[in-house]
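Results of the structural survey
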Amino acid sequence: MKTVYTFGGNAPHDDPRQKDKTVTGGKGANLAEMASIGLPVPPGFTITTEVSVQHLNGEDIRPQLEDKVADALAHIEQTVGKTFGDAADPLLVSVRSGARVSMPGMMDTVLNLGLNDETVAGLAKVSGDERFAWDSYRRFIQMYADVVLGLDHGLFEEALEIAKEDKGFYADTEMEADDWKTLVAEYKQIVQDELGEPFPADPLDQLWGAIIAVFASWDSERAKIYRRLNDIPANWGTAVNVQAMVFGNMGDTSATGVAFTRDPATGERAYYGEYLINAQGEDVVAGIRTPQYLTRAAREAAGAKPLSMEEALPDAYGELARVFDLLERHYKDMQDIEFTVQQGTLWMLQTRTGKRTAKAALKMAVDMVEEGLIDEEAAIRRVDPMALDQLLHPTLDPDAERDVLTSGLPASPGAASGKIVLDADTAETWAQRGDKVILVRVETSPEDIHGMHAAQGILTARGGMTSHAAVVARGMGRPCVSGASGVSIDVKARTLRIGGRELKEGDTLTLDGGNGQVMAGEVPTIEPELAGDFGTLMEWADKHRRMRVRTNAETPEDCRMARQFGAEGIGLCRTEHMFFDAERISAVRQMILAEDEKGRRKALEKLLPEQRKDFHEIFEVMVGLPCTIRLLDPPLHEFLPHGDTEFEELADATGYGVDHLKRRAEELHEFNPMLGHRGCRLGITFPEIYEMQARAIFEAACDVRKESGEAPLPEIMIPLVATKRELELLKALVDRTAKTVFEEKGLEVDYLVGTMIELPRAALMAGEIAEEGAFFSFGTNDLTQTTLGVSRDDSARFLAPYVEKGIFARDPFVSLDIDGVGQLVEMAAERGRATRPDIKLGICGEHGGDPASIGFCEKVGLDYVSASPYRVPIARLAAAQAAL
Ligand code: PEP
Ligand code: MG
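Residues numbered from 1 in each chain as written. Chains lettered and ligands numbered in written order. Predicted model: local features only at pLDDT ≥ 70, side-chain atom pairs only at ≥ 80, totals over all residues.

Going by the annotation in an unreviewed UniProt entry, the name recorded for the protein chain is Pyruvate, phosphate dikinase, with Altererythrobacter xiamenensis given as the source organism. Its UniProt record, at the heading Catalytic activity (unreviewed entry), says of the protein chain: "pyruvate + phosphate + ATP = phosphoenolpyruvate + AMP + diphosphate + H(+)". (UniProt positions renumbered as here; feature names shortened; annotations may be inferred.)

Structural notes on the overall build of the protein chain
Secondary structure summary: the protein chain contains 35 helices and 33 strands in total. The globule rule puts the C-alpha radius of gyration for 884 residues at 29 Å, and the 32 Å found for the protein chain is close to it. Taking all 884 residues of the protein chain together, the buried fraction comes to 50%. Restricting the contact set of the protein chain to residue pairs at least 6 apart, pairs at least 24 apart contribute 68%. (Helix = DSSP H or I, 4+ residues; strand = E, 2+ residues; numbered from the N terminus. Rg over C-alpha atoms; globule rule 2.2 N^0.38 Å. Buried ≥ 20, exposed ≤ 12 C-beta atoms within 10 Å, placed from the backbone. Contact = placed C-beta atoms within 7 Å.)

Some thoughts on the domain arrangement of the protein chain
Each assigned domain of the protein chain is listed here: domain 1 (4-244), domain 2 (255-370), domain 3 (393-526) and domain 4 (541-635 + 670-883). Spacing between the C-alpha centres of domain 2 and domain 3 amounts to 25 Å. Where the side of domain 2 that touches domain 3 is concerned, the elements lending two or more residues are helix H10 (281-286) and helix H14 (358-370). Split into classes, the residues belonging to the side of domain 2 that touches domain 3 amount to seven nonpolar, three polar and four charged. (Domains from an automatic or database assignment. Nonpolar A, V, L, I, M, F, W, Y, C, P; charged D, E, K, R; others polar.)

A word on the sheet that holds strand S33 (residues 864-867)
Spatial ordering of the closed barrel is given by S26-S27-S28-S29-S30-S31-S32-S33, a layout of eight strands whose pairing is parallel. Across the sheet, the mean angle separating the axes of adjacent strands is 25 degrees when strand polarity is ignored. (Pairing = 2+ DSSP bridges. Axes fitted to C-alpha atoms, helices over the stretch in contact; angles between N-to-C directions.)

Side note on the site of ligand 1
Ligand 1 sits among Leu572, Arg574, Asp633, Glu758, Gly779, Thr780, Asn781, Asp782, Cys844 and Gly845. When contributions to the shell around ligand 1 are tallied by element, the ones reaching two or more residues are strand S27 (570-574) and helix H31 (780-788). A per-element tally of the shell around ligand 1 places H31 first, with three residues. For the shell around ligand 1, the class distribution of residues is two nonpolar, four polar and four charged. (Near = placed C-beta within 6 Å.)

Observations concerning the pairing of strand S30 (residues 752-757)
The element S30 is largely enclosed, with a buried count of five among its six residues. Here strand S29 (residues 713-718) runs beside S30; their pairing, made up of four bridges, is parallel. Bridging from a neighbouring strand, methionine 717 pairs with glycine 754 of S30. The handedness of the S29 to S30 crossover, carried by helix H28 (residues 724-745), is right-handed. (Right-handed = clockwise from strand over helix to strand, strands pointing away.)

Remarks on helix H1 (residues 21-36)
Taking 1.5 Å of rise per residue, the 16 residues of H1 would be expected to cover 22 Å, yet its terminal C-alpha atoms sit only 15 Å apart, more than 12% below that figure. Along H1, the sharpest kink reaches roughly 75 degrees, centred on lysine 27. For H1, the buried fraction is high: 13 of the 16 residues fall into the buried class. (Expected span 1.5 Å × (residues − 1). Bend = angle between axes of the 7 residues up to and from the residue.)

Here's the deal with the environment of phenylalanine 686
Among the secondary structure elements, phenylalanine 686 is positioned in the loop between helix H26 (680-685) and helix H27 (687-708). Distance from phenylalanine 686 to aspartate 633, taken between C-alpha atoms, is 12 Å for residues 53 residues apart in sequence.

Quick word on the packing of helix H23 (residues 597-621) against H27
Interhelical geometry of H23 versus H27 gives an angle of 35 degrees and a closest axis separation of 8 Å. In terms of crossing hand, the pair formed by H23 and H27 is right-handed. Residues Glu597, Arg600, Arg601, Leu604, Leu607, Leu608, Gln611, Arg612, Phe615, His616, Phe619 and Glu620 of H23 form the contact with H27, whose participating residues are Glu688, Ile689, Met692, Gln693, Arg695, Ala696, Ile697, Glu699, Ala700, Ala701, Asp703 and Val704. (Left-handed = near helix turned anticlockwise from the far one by under 90°.)

Some points on unusual backbone geometry
Located in the positive-phi region is aspartate 231, a residue other than glycine, with phi close to 55 degrees. Relative to the helices and strands, aspartate 231 is located in the loop between helix H9 (221-229) and strand S7 (238-244). Of note in this structure, glutamine 343 is not a glycine but carries a positive phi near 45 degrees. For glutamine 343, the position within the fold is in the loop between strand S11 (335-342) and strand S12 (345-353).

Focus on the environment of threonine 49
Turning to its location among the elements, threonine 49 is positioned in helix H2 (residues 49-56). Sequence-wise, threonine 49 and leucine 388 are 339 residues apart; in three dimensions their C-alpha atoms are separated by 32 Å.

Remarks on the sheet that holds S11
A sheet is described by the order of its strands in space; here five strands give the open sequence S10-S9-S8-S11-S12, paired in antiparallel fashion. Edge positions in the sheet fall to strand S10 (292-293) and S12, since each of these pairs with one other strand and no more. Relative to S11, strand S8 (residues 255-260) runs antiparallel, the two being bridged by six bridges. For threonine 256, the partnering residue across the bridge sits in S11 and is threonine 340. Most of the contacts of helix H13 (residues 314-331) go to S12, to which it runs at about 30 degrees, and overall it touches S11 and S12.

A look at helix H17 (residues 424-432)
Within H17, burial applies to Ala424, Thr426, Ala427, Trp430 and Ala431. End-on, the buried residues of H17 take up no more than an arc of 160 degrees, which puts them together on one face. H17 presents Asp425 and Gln432 as exposed residues on the side facing more than 90 degrees away from its buried surface. Its buried side turned inward, H17 meets strand S16 (415-421), strand S17 (437-441) and helix H18 (449-454). Immediately downstream of H17, the backbone of glycine 434 shows phi near 105 degrees, a positive value. (Arc of directions from axis to C-beta.)

Quick look at the pairing of strand S26 (residues 548-552)
The side chains of a regular strand alternate between both faces of the sheet. In terms of burial, S26 is largely enclosed, as five of its five residues are buried. Alternating positions in S26 separate into two faces, Arg548, Arg550 and Asn552 on one and Val549 and Thr551 on the other, with burial throughout. Pairing of S26 with S33, which is carried by four bridges, proceeds in the parallel orientation. Its bridge partner lying in S33, arginine 548 is registered against tyrosine 864. Examined bridge by bridge, S26 and S27 share two bridges and lie parallel to one another. In the strand pairing of S27, asparagine 552 is matched with leucine 572.

With respect to the packing of helix H21 (residues 556-564) against H23
The interhelical angle for the contact between H21 and H23, taken along N-to-C directions, is 10 degrees, at an axis separation of 9 Å. With respect to their mutual orientation, H21 and H23 come out roughly parallel. Between H21 and H23 lies a crossing of right-handed hand. Along its contact with H21, which presents Pro556, Cys559, Arg560 and Arg563, the element H23 presents Glu617, Ile618 and Val621. The residue makeup of the contact of H21 with H23, split by class, is four nonpolar, no polar and three charged. (Parallel < 35°, antiparallel > 145°, perpendicular 65-115°, else oblique.)

Remarks on the nonpolar core
Core analysis: the biggest nonpolar cluster contains 253 residues, and Ala365, Ile438, Leu439, Leu537 and Val865 have the highest contact counts within it. Here the element with the most residues in this core is H27; it accounts for eleven residues. The contact partners of leucine 439, leaving out residues within four places of it in the chain, are Val421, Ala424, Ala427, Gly451, Met452, Ala455 and Ile458. (Core = buried A, V, L, I, M, F, W, Y, C linked by C-beta atoms within 7 Å.)

Quick look at the environment of threonine 685
Topologically, threonine 685 is positioned in helix H26. Overall, the presence of 9 C-beta atoms within 10 Å leaves threonine 685 in the exposed class. Threonine 685 sits 94 residues away from glycine 779 along the chain, and the two C-alpha atoms are 22 Å apart.

See the structure below:
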């Protein structure tokens, strides 16, 4: 199997493996693709991800690669007409990682590789620029020492700072050739002192050191965290790309930049990007110098002075614009590009599908269908359902007052308020204890990623629109304001100044990622806009999906919201949630504490009108749509008072003594309540509870039918059934109650009685249970708990390490364990259908809102999924993707 692929020059690009990201990684595959369509790509080669996997497994990869790398290096040498290590005119290369999916900034890169005391002289001569050559050399030592030799880059930063101070310089650009020479000597001394051996001078040694280090960076701490946050498997590995260097720092006709073919924040069809004249790639993303605009229009709109690339380097810009169009037409998607102009000539260093905000993703998908670039189905496939979440949440009220402290770049849209925190660890700790936090940093680095994830929003003092903070925040859907130069931070004192005002860690701040404003205090928000591109894409999704989408909701407000989001019924109304109201809880407690059925009935009488009112409102909101109402599920003791005051209050209300109440509470105590006296077991032992609930449902349904003329469609659901007999008894109770109410009211409504499948026995016996139940709703929360024997409530402590160690690919309470629990679902669906071909099948566990689980539901042929209101649009899109 080929493990080293060359690209550029006259390299062949016809092996399909070379354009397969799983083999050559995103960067390698796209470099080959760009070269094959005739774009200017510096020649190079890619070592495949398979080699990375061997390296991960502890194999020595060098022996098998040595000849292949030598041949590939010869390809680069022939194409550019330079020789690696040639003292007169050396070839220099970059060594970069490139995983299947982009992991911005998470792995390592080495540039300018091949320099030593001899080759630097050759580079100086050939380029005619001694300063440039020595600057490149010191950059190389610094990077190599950090990435390959594992030395602290602070040591080198410090030496540079001291050198500048000695000279009275402020910026790096003031350093002359001789200053860099002196610094290079110092850098080499640092390496000697720290390692006890000299900096490697042999270019081939350098190359192998870098290749191995880049492979190893797959397992760096930050890469691991990023993988965990983005569900990237640990066994993919990364490819390594070695490529001829081109230089953006060879004077004023050279430049380097990053660009998007469309605006990644808004989706607008306008070239978008940043560049720097006379600079190397890392300068743009690292936020060390402030980059300039790409287009004249963007520069003018921002009122900025320094010339845009369009104005400063018109020929190279023209070529770039041509490349943009070619790339979009070729990939049929927005591209994120890195380029370098070396003395007027444009070189493409990378292209990849650009990360974008949810808003931009929608706009681009809809626009591209209108432009004829893609079809509706491609548009549906292209938008990540989970990303819609960003759009469904409120934005800042435009009419609310804003105490604007300063402004920065609108790096990632959305509104966020929270307490200021000044480092990533604090962000994580505070967020874990329930605080909303805004992470404020001078600039972010990949080490901050866990803090960015924990924060509601991110504010940085430095960095452009393509800085690390901006790219990562957009990917995570966190609002972000970057490059807010009015922010200065004193990390030691835990204080900061924003626009002249003194603030401290813990003070509240609001960010508007849409316009870059930073505001004191919390600013009120308004509901999101659900029309426009969102509406269009949802319409297409609805056209292409087969499964229905319902909601889990129990209040009229939630039902209304869910309908706005497109819910087509209620899939789960958890009636116990209607009991938590302060007034009702007292009646519930009286019922629980009652000594006998008579006492319980008396308390239930108080609850009946309340429940009836709830159902009445819900039926009105959900007119014409099916409503699955689940009878009481949790163990009774969940409703009991906690703490002395609550017991005293209850004693006042019921007339029982506190001691009596406490004794009764103790009697109800269970060692394992999740497997205890709950679900239909309550209905079997205290039928009067379910009878009251059924009565409330039927009375409300009859009343609504009478008032509106339209009959509601109640589906009464019995929880935690394990046997057919349980369902048989309880269905008979519901039917009896219906008959009585219909006689009393003098009218009838259609209804169904069905069950949840949330115990393994129920799944096994589904064929028999279907004789009694008209529908099954898979309660995959409990089904996961009971199949895995893992407690829903106690699993947080050990599930994260389980996921890290690859025991579960994802938390099985978030994404269905398709291999295990999925088998039970599939089997129960089949057995249920065998008994009752028209049985209605749905899912109402949390998995009903998880795109991967929804894909499985489609495969099994469920009729609907049910999700919490905010997840309804996600489920609509995921169901469409599953059906395509
Ligand atoms: C379930 O178990 O999946 C379910 C929906 O019920 P609950 O979460 O209320 O136990
Ligand atoms: Mg359940």
